[in-house]
Amino acid sequence: MTSHPRDTPQFYLTAPSPCPYLPGQEERKVFTHLVGRRARDLNEILTQGGFRRSQTIAYRPACETCRACISVRVVVDEFVPSASQRRILARSADWIGTPEPNRPASEQYALFRRYLDARHGDGGMVDMTVLDYAMMVEDSHVDTHLVSYRRHGPDTAVTGRGSGPPLAFCLTDVLSDGLSMVYSFYDPAEAARSPGTFMILDHIRRAQRLGLPYLYLGYWVEGSRKMDYKSRFRPQERLMGQGWVRID
């Protein structure tokens, strides 16, 4: 019997299941485990190769008849917000994001539940328990953290932190060449501010301040209304058969 060391990645293929983005299509994924002392390096290599992370799993689509899912990353140093994006930044100028350790808390899960119930009531995550949420946040062997968004408070100028109840959270991986937004959610009562777009714009600024060239946004799916927003952040690069291709 052949044995493999723990740090050697083994890849697996899921069975076909209905595609959540394109009606009538089936999806399959190839995945591996991100564990052991090489998990961080492996996550970097796989993210740059079009994989996404969920807890200790890295995956990417491996559909037999469809190639619609395309990895996207924003070229942050050359990004200039559009007029509508500048308005979104202005509307949420009283929000401040603070990096925190990836430790779950009851206020996070309460906001997460409100977000799912209001925005994704028929999605695959709607049945997640508090334990499922805790594992999503803290079950990681890579460099990751939560960015917590709250309103500016009386001590913000001194502490650099907001105050009051949380408005949004984003689980973010830190890579050698960029930030990767793993999962974000927000208070549905704040939907008029376009908080999803605001968090992307804020992460672009964070990557710029850290001197990192890219912000990884996951998959863009042409023809899917759920994913169309990712095409609005340009210049960006899309992972095609010949490698990362710039889109201006």
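Look a little higher up for the structure.
Please read all numbers here as calculations on a predicted model, not as lab measurements.

Visitor: Hey, could you go over the packing of helix α3 (residues 106-119) against helix α4 (residues 130-138) for me, with residue numbers and the actual values?
Guide: How two helices pack is summed up by the angle between their axes together with the distance between the axes. Running from amino to carboxyl end, α3 crosses α4 at an angle of 110°, the nearest separation of the two axes being 10 Å. Of the possible angle classes, the one that applies to α3 and α4 is roughly perpendicular. Counting all contacts with α3, which are made through Gln108, Tyr109 and Phe112, the residues of α4 involved are Val130, Tyr133, Met136 and Val137. Tallied by class, the residues present in the contact of α3 with α4 amount to 6 nonpolar, 1 polar and no charged.

Visitor: Quick one: what's the story with the pairing of strand β14 (residues 243-247), residue by residue and with numbers?
Guide: In the sheet, strand β13 (residues 236-240) pairs with β14 via 5 bridges, with the strands oriented antiparallel. Its bridge partner being in β14, Arg238 is matched across the sheet by Val245. From the end of β13 to the start of β14, which pair antiparallel, there are 2 residues.

Visitor: So what's going on with unusual backbone geometry? Which residues, and what values?
Guide: Working note: non-glycine residues mostly have negative phi, and peptide bonds are mostly trans. Of the consecutive residues Arg234 and Pro235, the connecting peptide bond is found in the cis state with omega at 5°. Here Pro235 shows up in the loop between β12 (214-221) and β13. Located in the positive-phi region is Gln55, a residue other than glycine, with phi close to 55°. Its location among the elements puts Gln55 in the loop between β5 (52-54) and β6 (57-61). The phi dihedral of Ser194 is positive, around 55°, even though this residue is not glycine. As for its position among the elements, Ser194 is in the loop between β11 (178-186) and α6 (195-210).

Rules used throughout
Residues numbered from 1 in each chain as written. Predicted model: local features only at pLDDT ≥ 70, side-chain atom pairs only at ≥ 80, totals over all residues. Heavy atoms only, no water. Axes fitted to C-alpha atoms, helices over the stretch in contact; angles between N-to-C directions. Helix = DSSP H or I, 4+ residues; strand = E, 2+ residues; numbered from the N terminus. Parallel < 35°, antiparallel > 145°, perpendicular 65-115°, else oblique. Contact = heavy atoms within 4.5 Å. Nonpolar A, V, L, I, M, F, W, Y, C, P; charged D, E, K, R; others polar. Pairing = 2+ DSSP bridges.

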